[in-house]
Amino acid sequence: MQEKFNQIRQSAIESLASVTSMREIGELRAKYVGKSGEVTSLLRSMKDIPNDQKASFGKMVNDLKDEIMGYFNVKEAELKQKELESQFEKEALDITLPGKKVVAGNLHPLNIVKNEIINAFTGMGFEIFEGPEIETDYYCFQALNIPKDHPARDMQDTFYINDDIVLRSQTSTGQVRVMENKKPPIKILSPGRVYRSDDDASHSPMFHQCEGLVVDKGISLCDLQGLLDEFVKIIFDKQTKTRLRPSYFPFTEPSVEVDVTCSKCHGKGCSLCKGTGWIEILGAGVVNKKVLENCGIDSNVYSGLAFGLGIERVTMIKYGITDIRTLFENNVKFLKQFDRR
Ligand code: PHE
């Protein structure tokens, strides 16, 4: 009998040694310790065992069963570990391999400059207002003291949709829309697209402006100059100076055109500033009393300043761009030069 025990033990150990999968282990488990397995069937010979030895025989069978199950458990744990290791190996990442480069775009130079302008003015307490690009003749002209047939309409070659509807030719429309709805103090910046029938190296039928408007008690041309002096130092550099020249706009009185010292030669004279040392960047002035009154603001109590700045112009000066059309051609090689990452 002892021999039989040894044989079963030996054959279980040997078969287990060559097992390579969990499925095989399952089969062997059934073969040895399953319901009709070899160890279990030893119990069937119980009837031939003398009564006084039955108990010790039963214990031997159970001990053998426990022993063999122990072998199975050890083997099973080993296999599980191996399977896990091979899975890890298969899924392993080589973190030393170069990564795939994600191609990302960058901001358009006009957006870079627009954001800089917005940051400069919001930093000085301005709020942003965006008005519609399709406007009525009233907001684009009449409320701004440009009645129908006024010669000043020729200053801007407007696209008319019909007699009364236009593509706005200036963001000054925003002045009226804000003043109609808001009581002073007012401090707004209105960026957006404008349209004029004009097309050459320095004009585009669609371009961008940024309108500024401040209305409060006691606002004067001095405030305008101080504000713009601060602005050009932020947007260009600390050495930049401004100069006001008298001009004419129907909606400001007095009106000025504002020049900055050339960003390339700093005033000495070069090709960018055509030898003058100065470059014009915007039109501005003290808000015409008639415009305040048109918008329901008492011009005896309040006064205002307004300016309208071309975003393309500032961008071209900042980056030394000589043809406005390069800003709209969407040539990736050109645009990539503004990638700051
Ligand atoms: N709207 C004017 C233009 O487009 C610029 C401007 C704005 C002038 C505000 C004075 C005040 O030319």
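Further up the page is the structure itself.
Quick caveat: nothing in here was measured; it's all calculated off a predicted structure.

Focus on the site of the ligand
And step 1. Around the ligand lies a shell of 15 residues, among which Q170, S172, R196, Q209 and G308 are the nearest.
And step 2. Separating a nitrogen atom of the ligand from a side-chain N or O atom of S172 is a distance of 2.9 Å.
And step 3. R196 is positioned with one of its side-chain polar atoms (N or O) 2.8 Å from an oxygen atom of the ligand.
And step 4. When isolated, the ligand has an accessible area of 320 Å², and the protein chains bury 92% of it.
And step 5. Using a 2 Å cut-off from the grid points, one finds that the ligand occupies the largest pocket.
And step 6. Those elements giving two or more residues to the shell around the ligand turn out to be β5 (206–216), β8 (278–287) and β9 (303–310).
And step 7. The greatest single-element share of the shell around the ligand, amounting to 3 residues, is contributed by β9.

Examining the sheet that holds strand β6 (residues 242–249)
And step 1. Reading across from one edge, β1-β4-β5-β9-β8-β7-β6 is the order of the 7 strands in this open sheet, with mixed pairing throughout. Edge positions in the open sheet fall to β1 (127–128) and β6, since each of these has one partner strand only.
And step 2. Where β6 and strand β7 (residues 252–261) come together, 7 bridges link them in antiparallel fashion. If you follow L244 over to β7, its bridge partner there is V258.

Some thoughts on the packing of aromatic side chains
And step 1. Tallied over the full model, the rule gives 8 aromatic pairs.
And step 2. Aromatic pair F5 and F57: ring centres 6.0 Å apart, planes at 75°, arrangement edge-to-face. Taken together, the residues span a long stretch of sequence, with F5 in helix α1 (residues 2–17) and F57 in helix α4 (residues 51–91) at a distance of 52 residues. Pair check on accessibility: F5 and F57 agree, each one buried.
And step 3. Residues F121 and F126 carry aromatic rings whose centres are separated by 5.1 Å and whose planes lie at 70° to one another, so their mutual orientation is edge-to-face. Here F121 and F126 have matching classes, each one buried.
And step 4. Cation over ring: R177 sits above Y139, and NZ or CZ is 4.0 Å from the ring centre.

Rules behind the numbers
- Residues numbered from 1 in each chain as written.
- Predicted model: local features only at pLDDT ≥ 70, side-chain atom pairs only at ≥ 80, totals over all residues.
- Heavy atoms only, no water.
- Near = heavy atom within 4 Å.
- Polar contact = N/O pair within 3.5 Å; in protein donor to acceptor, adjacent residues only side chain to side chain.
- Areas by Shrake-Rupley, 256 points an atom, 1.4 Å probe, with all protein chains shown as cover.
- 1 Å grid on protein atoms, 1.4 Å probe; cavity = no way out; pocket = protein on both sides within 12 Å on 5 of 7 lines; lining within 4 Å.
- Sits in = over half its atoms within 2 Å of the grid points.
- Helix = DSSP H or I, 4+ residues; strand = E, 2+ residues; numbered from the N terminus.
- Pairing = 2+ DSSP bridges.
- Phe/Tyr/Trp six-rings, centres within 6.5 Å; stacked < 30°, edge-to-face > 60°.
- Buried < 20%, exposed > 50% of the residue type's maximum accessible area, 1.4 Å probe, protein only.
- Lys NZ or Arg CZ within 6 Å of the ring centre and 35° of its normal.

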